[in-house]
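Chain by chain, the residues run as shown.
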Amino acid sequence: QVQLVESGGGLVQPGGSLRLSCAASGSGFSILAMGWYRQAPGKQRELVASITIGGMTNFADSAKGRFTISRDNAKNTVLLQMNNLKPEDTAVYYCKVTVLSGVFNSRDYWGQGTQVTVSS
């Protein structure tokens with residue numbers, strides 16, 4: 001079992017910055033990838049950014065050039081640095097961790113979500 005603890009959400013003015021952190025804990029797991037998703041009211045959950053254990057990253061078009069993602073493999077932590085935030089970035093942000101399950105399978109774990117509100 002993997003537990004995820006998220007932090008860093010809050011209220012910020014347009015053009016401001018926030019950094020989200022997600023720490024995974026538990027025993028006997030091997031992380032394949034970590035990432036951040038978001039869900040705005042009335043919309044589907046969507047990928048914001050992800051990073052594999054090897055460091056390969058993937059970003060939503062809306063995040064490119066403004067957000068960066070990084071991870072500390074030793075601490076099983078993933079960080080999402082969000083700059084130049086816009087009102088349309090307002091959403092609940094969820095951390096997702098994909099771990100190896102068995103020999104050929106994987107399993108996803110989700111955090112509880114953290115609210116990001118961009119408003120003047």
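A quick note: this is a predicted structure, and the numbers were derived from the prediction, not measured.

Engineer: Just checking my understanding: could you explain the side chain of Arg 66 for this structure?
Structural biologist: Along the chain, the position of Arg 66 falls in the loop between β6 (57-59) and β7 (67-72). The class of Arg 66 is buried, set by a relative accessible area of 10%. At a separation of 2.7 Å, a polar atom in the side chain of Arg 66 contacts the main-chain carbonyl oxygen of Ser 62. Here the side chain of Arg 66 touches Asp 89 through a polar contact of 2.7 Å, side chain to side chain. The contacts of Arg 66, once residues within four sequence positions are left out, are Gln 81, Met 82, Asn 83, Asn 84, Leu 85, Lys 86 and Asp 89.

Engineer: Got a minute to help me understand the nonpolar core in this structure?
Structural biologist: Note that soluble globular proteins tend to have their nonpolar side chains buried in a common cluster. Trp 36, Leu 80, Met 82 and Tyr 93 are the most contacted members of the largest nonpolar core, which totals 31 residues. Listing elements by their share of this core, those giving two or more residues are β1 (2-7), β3 (18-26), β4 (31-39), β5 (46-52), β7, β8 (77-82), β9 (91-101) and β11 (114-118). With 5 residues, β9 is the single largest residue contributor to this core.

Engineer: Looking at this structure, I do not really get the pairing of β8. What am I missing?
Structural biologist: Strand residues, when the strand is regular, have side chains that alternate between the two faces of the sheet. Pairing of β3 with β8 involves 6 bridges; the strand directions are antiparallel. Its bridge partner being in β8, Leu 18 is matched across the sheet by Met 82. Pairing geometry for β7 and β8, over 6 bridges, is antiparallel. Across the sheet, residue Ser 70 finds its bridge partner in β8, namely Leu 79. Hairpin connection, β7 to β8: the antiparallel pair is bridged by 4 residues, and Asn 76 has positive phi, about 50 degrees.

Engineer: Please clarify how the environment of Gly 16 should be interpreted in this entry.
Structural biologist: On the secondary structure map, Gly 16 appears in the loop between β2 (10-12) and β3. Judged by its relative accessible area of 18%, Gly 16 is buried. With 69 residues separating them along the chain, Gly 16 and Leu 85 place their C-alpha atoms 5.5 Å apart. In this view, Gly 16 contacts Met 82, Asn 83, Asn 84 and Leu 85; residues no more than four positions away in its chain are not counted.

Engineer: Can you walk me through the state of the cysteines in this structure?
Structural biologist: Here, disulfide denotes a covalent bond that connects the sulfur atoms of two cysteines. Counted according to the given criterion, the structure contains 1 disulfide. With a sulfur-sulfur separation of 2.1 Å, Cys 22 is cross-linked through a disulfide to Cys 95. Classification of the bridge connecting Cys 22 and Cys 95 rests on its S-S torsion, roughly -80 degrees, and on that basis the disulfide is left-handed. With Cys 22 in strand β3 and Cys 95 in strand β9, the pair connects residues that are 73 residues apart, well separated along the chain. For Cys 22, a relative accessible area of 0% gives the class buried. You can call Cys 95 buried: its relative accessible area is 0%.

How each quantity is defined
- Residues numbered from 1 in each chain as written.
- Predicted model: local features only at pLDDT ≥ 70, side-chain atom pairs only at ≥ 80, totals over all residues.
- Heavy atoms only, no water.
- Helix = DSSP H or I, 4+ residues; strand = E, 2+ residues; numbered from the N terminus.
- Buried < 20%, exposed > 50% of the residue type's maximum accessible area, 1.4 Å probe, protein only.
- Polar contact = N/O pair within 3.5 Å; in protein donor to acceptor, adjacent residues only side chain to side chain.
- Contact = heavy atoms within 4.5 Å.
- Core = buried A, V, L, I, M, F, W, Y, C linked by side-chain atoms within 4.5 Å.
- Pairing = 2+ DSSP bridges.
- Disulfide = S-S within 2.5 Å.

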